[in-house]
Amino acid sequence: MKEKFAWGAASAAFQIEGGYREDGKGDSIWDVYTHELNRTKGNPTGDIACDHYHRYKEDVKLMAELGLNAYRFSVAWSRVLPDGYGKVNEAGIKFYSDLIDEMLKYGIEPYLTLYHWDLPQKLFERGGWLSPDMPVWFGEYAKLIGERFGDRVKYFITINEPSNIIEGMTQGGGNAPALGYSLKDRLTAVHTILKAHGTAVRVLRETVPDSKIGFAPCSGVPCPPHDDKNLIEKARKEFFRLDKNNPKDGVTLFSDPIFLGDYPKEYYEYYQGLIPEITPEDLDLISSPIDFCFQNIYSGQKFKSDGNGDWTADNDGISYNMLGWAVVPEALYWGPKFLYERYRKPICIMENGFAWEDKVTEDGKVHDPERSDFLKRYTSELLRAKNDGIDICGYFYWSIIDNLEWELGFGPRFGLIHIDYESLVRTPKDSYYTYRDIIKSSES
């Protein structure tokens, strides 16, 4: 049976939940990181964040009123397993069980992310992603999630944006723990992350036989003119190029082993003597079949012909969000097209959003025309790709509510719903109603 198109929104546990050390929760690396002075802009912590831990019913009701039929959330690993393994925190299990039930009450399909960067601190102290035991620990965690929630949750995302996990292993990288690991260690972590992913896939298949599984990497997209076959081919090659100096940002580093069964050939050429031992059994584990090609896409770069058979930047009409990310709606046409042609799996955009400095005005509303325009243009390009025959099964806006934007603090606001971080009052923005209209029109 054909999948129902998922119109969703997304969040991450650390960014919205709060409930720091509440009801038995253990520390994550982001709890520790944000409690260190000058790690985040303005020095906020996730102790309260958006207080979703206590206000989830209000938030889910707002999702239902928006018209979502899907919601992507993550489980805080250390809330259900305070040490990362071993003893289960039943209070943490209850929170997510209640959250899932609340979603289902409104007909909202849960999309559960196992790992959105908040590694339990206890596991970090035992080596984290450099430990050969990480796939075992991650498998134990996946088994717990599958056993406790698999009767109601069918869609799982194993790991979010593995490239940013590696970013956190560079000095001053901005992501926790922001320590200066060597390139050799980072390449070891890449392989460990992939083995953890594969382990989770196999465990979920066993515990939730009817599960649908993906992982969620991220990328920008080179966007060529539609009528230039030469530049289309150049853009495709660029999209899948492995950058020797910055391998973590390449699409192929993580996606080729998962979907095609091996690292790209350049990986072995570029990093001789630095990569860990890679066995056929490892690659078989990593490439355990998954159901979707999930992708987080926010931005891209438009190109045009330079008149000499090559390309040059096309900045006509380009605007930027407050973080300096270019607004390039065509990224949601070319990204899904290139991914589908290479990996032949249904495409779902798991994150796509716009950051701005939104304020509640005197009329009690939040007027964000830039985000409304962003939503209309990006979803239009995605649906154009779908109409052109690309198998696209969903779109998740990032994020459902304003949140703690990691090292950037509370400044950038991506949400469809404004959060007053002092009173914690929720106010739907104009873009909330724009997205509601987009969903309604797609279903008519």
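Think of each chain on its own: its residues are numbered from 1, step by step along the sequence as written. Reporting of local features is limited, given that this is a predicted model, to residues whose pLDDT is at least 70; pairs of side-chain atoms are given and counted only at 80 or more, and all residues count toward the totals for whole chains, interfaces and linings. To get the side-chain values, all heavy atoms of the structure are used, and hydrogens and water are removed first.

Enquirer: Explanation requested: the nonpolar core in the structure shown.
Expert: Considering soluble globular proteins, one finds that nonpolar side chains tend to be buried as a cluster. Nine residue types can take part in a nonpolar core, namely buried Ala, Val, Leu, Ile, Met, Phe, Trp, Tyr and Cys, and a core is a set of them joined through side-chain atoms within 4.5 Å. In this scheme, a residue with accessible area under 20% of its type's maximum is buried, one over 50% is exposed, and one in between is partly exposed, where area comes from a 1.4 Å probe on protein chains only. Ranked by size, the top nonpolar core spans 131 residues in total, and within it Trp77, Tyr96, Trp129, Tyr395, Ile400 and Tyr435 carry the most contacts. Take this core: its biggest share by element is 10 residues, from helix H9 (residues 183-207). Among the nonpolar cores identified, the runner-up in size contains 12 residues, and Ala70, Ala216, Met350 and Cys393 belong to it. Labels follow the DSSP assignment, with helices taken as runs of H or I lasting at least four residues and strands as runs of E lasting at least two, numbered in each case from the N terminus.

Enquirer: Any chance you could explain the sheet that holds strand E1 (residues 6-10) here in plain terms?
Expert: Note: strands within a sheet are paired through backbone hydrogen bonds, in either parallel or antiparallel orientation. If DSSP finds at least two bridges between two strands, the strands pair. What the 8 strands build is an open sheet, ordered E5-E4-E3-E2-E1-E13-E12-E7; its pairing is parallel. Lying at the two open borders of the sheet, with one neighbouring strand each, are strand E5 (212-216) and strand E7 (293-296). Strand-to-strand twist of the sheet, defined as the mean angle between neighbouring strand axes without regard to direction, takes the value 25°. Summarising the sheet, E7 and strand E12 (residues 347-351) pair through 4 bridges and their orientation is parallel. Across the sheet, the residue bridging to cysteine 293 is isoleucine 347, located in E12. Those strands touched by helix H7 (residues 134-149) are strand E3 (109-115) and strand E4 (155-160), and its axis lies near 160° from that of E3. Pairs of residues are marked as contacts when any of their non-hydrogen atoms sit within 4.5 Å. Working convention: axes come from line fits to C-alpha atoms, limited for helices to the stretch in contact. Angles between N-to-C directions cover 0 to 180 degrees. Its contacts with the sheet put helix H14 (residues 331-343) on E7, E12 and strand E13 (392-398), and the angle it makes with E12 is roughly 130°.

Enquirer: What's the story with unusual backbone geometry in this structure? I'm lost.
Expert: Backbone geometry follows two general trends: most residues other than glycine have a negative phi, and most peptide bonds adopt the trans configuration. The amide bond that connects alanine 176 to the next residue, proline 177, takes the cis arrangement and shows omega of 5°. The phi angle at arginine 344 is positive, at roughly 55°, despite the residue not being glycine. Summarising the element assignment, arginine 344 is placed in the loop between H14 and E12.

Enquirer: Is there a simple way to think about the sheet that holds strand E9 (residues 311-313) in this case?
Expert: Read across the sheet, 3 strands follow the order E6-E8-E9 without closing on themselves; strand pairing throughout is mixed. The sheet terminates laterally at strand E6 (221-223) and E9, the two strands that pair on one side only. Along the sheet, successive strands turn relative to each other by an average axial angle of 40°, direction set aside. Note that E6 and strand E8 (residues 300-305) share 3 bridges and pair parallel. Note on E8: the bridge partner recorded for proline 222 is glutamine 301.

Enquirer: Could you clarify how one ought to interpret the state of the cysteines in this entry?
Expert: Two cysteines joined by a covalent bond between their sulfur atoms form a disulfide. In this description, the term disulfide denotes a pair of cysteine sulfurs within 2.5 Å. Considering all chains together, one arrives at 0 disulfides under this definition. The thiol of cysteine 218 is unpaired, and the distance to the nearest cysteine sulfur, on cysteine 293, comes to 13 Å. Assessed through its relative accessible area of 23%, cysteine 218 is described here as partly exposed.

Enquirer: Got a minute to help me understand the side chain of glutamate 161 in this structure?
Expert: Locating glutamate 161 in the fold gives a position in the loop between E4 and helix H8 (162-167). In this structure glutamate 161 is buried but unpaired, with arginine 72 as the nearest side chain of opposite charge at 6.7 Å. For this analysis, a polar contact is any N or O atom pair within 3.5 Å, provided that within protein one partner can donate a hydrogen and the other can accept it, and provided that sequence-adjacent residues contribute only side-chain to side-chain pairs. Within the structure, glutamate 161 has its side chain in polar contact with the side chain of asparagine 164 (distance 2.6 Å). When residues no more than four places from it in sequence are discounted, the contact partners of glutamate 161 are Trp117, Ala216, Pro217, Cys218, Asn296, Tyr298 and Glu351. Think of it this way: Lys and Arg go in the positive column, Asp and Glu in the negative one, and His and the chain ends go nowhere. Note on definitions: salt bridges are taken to be side-chain nitrogens of Lys or Arg within 4 Å of carboxyl oxygens of Asp or Glu.

Enquirer: What is the right way to read helix H16 (residues 430-443) from this model?
Expert: Think of an α-helix as 3.6 residues a turn; residues three or four steps apart then line up on the same face. Here the expected length of a helix is defined as 1.5 Å per residue gap, with one fewer gap than residues. Across its 14 residues, H16 extends 21 Å between first and last C-alpha, which sits within 8% of the 20 Å expected from 1.5 Å per residue. Among the residues of H16, Ser431, Tyr432, Thr434, Tyr435, Ile438 and Ile439 are the ones counted as buried. Angular distribution of buried residues about the axis of H16 spans 165°; they occupy a single face of the element. In this fold, the buried residues of H16 make contact with E1, helix H3 (52-66), helix H15 (369-387), E13, strand E14 (417-419) and strand E15 (426-428). For this quantity, the arc is that covered by the directions from the helix axis to the C-beta atoms.

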